[in-house]
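# Structural features, examined
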Amino acid sequence: MINIIIFYIVLELYEVQWQKAETIMGMLARMYRWYQKSIFLFLIMHPTFYFAVWFVLQTNYNPYAVALLLFKSADIITKIVLIKKVFIDKELSREFTLSLFTPIGPYMPYVGILLYPFFIYMALS
């Protein structure tokens, strides 16, 4: 169980490192660079999603594993919708633009490292 959790944390750290920025707009810009090359490349850059798919199958659809997969799916879908809205459609209200440029705390990108292993632990308990 510890090895699986550590492996997941390593994958999550990888994702945080390539996405990390001082604002949400900065994060979206970093993600858009990969998205612009290929949506498939963008999706490959999210190994925790593939881990979650594997984990759901490995645990025979344990509810906690399914919850992990749902959260990871919602995360990727949200990123794609925001990238489309900001960089492709360029439909931004003044309030939305302000929120995208609001600085985020230095530890905010690491919330997933604290949250998601809980689901792995509960699924394996």
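Look above for the structure.
First, a word on what this report is: a plain description of the structure on this page.

Cut-offs used in this document
- Residues numbered from 1 in each chain as written.
- Predicted model: local features only at pLDDT ≥ 70, side-chain atom pairs only at ≥ 80, totals over all residues.
- Heavy atoms only, no water.
- Salt bridge = Lys/Arg side-chain N within 4 Å of Asp/Glu carboxyl O.
- Helix = DSSP H or I, 4+ residues; strand = E, 2+ residues; numbered from the N terminus.
- Buried < 20%, exposed > 50% of the residue type's maximum accessible area, 1.4 Å probe, protein only.
- Phe/Tyr/Trp six-rings, centres within 6.5 Å; stacked < 30°, edge-to-face > 60°.
- Lys NZ or Arg CZ within 6 Å of the ring centre and 35° of its normal.

Side-chain pairs of opposite charge can arise whenever the charged atoms involved come near each other. Throughout the structure, instances matching the rule amount to 5 salt bridges. With its nearest N and O atoms 3.0 Å apart, the salt bridge here joins Lys79 to Asp75. Taken together, the positions of Lys79 and Asp75, both in helix H5 (residues 63-88) and 4 residues apart, correspond to about one turn of that helix. Since its relative accessible area comes to 8%, Lys79 is described here as buried. A residue is classified by how much of its surface remains accessible, and Asp75, at 24% relative accessible area, is partly exposed.

With that settled, consider the packing of aromatic side chains. Under the criterion given, the structure shown has 13 aromatic pairs. On the basis of an interplanar angle of 55° and a centroid distance of 5.2 Å, the ring pair of Tyr8 and Phe51 is categorised as tilted. One end of the pair, Tyr8, is in helix H1 (residues 2-19); the other, Phe51, is in helix H4 (residues 47-58), with 43 residues separating them in the sequence. The exposure classification of Tyr8 matches that of Phe51, with both residues buried. Taking the centre distance of 5.8 Å and the plane angle of 80° together, the rings of Tyr35 and Phe42 count as edge-to-face. Just as Tyr35 is buried, Phe42 falls in that class too. Grouped by ring-pair contacts, the aromatic residues Phe7, Tyr8, Phe51, Trp54, Phe55 and Tyr116 constitute a single cluster. Lying over the aromatic face of Trp34, Lys37 brings its terminal NZ or CZ to 4.7 Å of the ring centre.

Bear in mind that shape data such as this cannot, by itself, settle questions of function.
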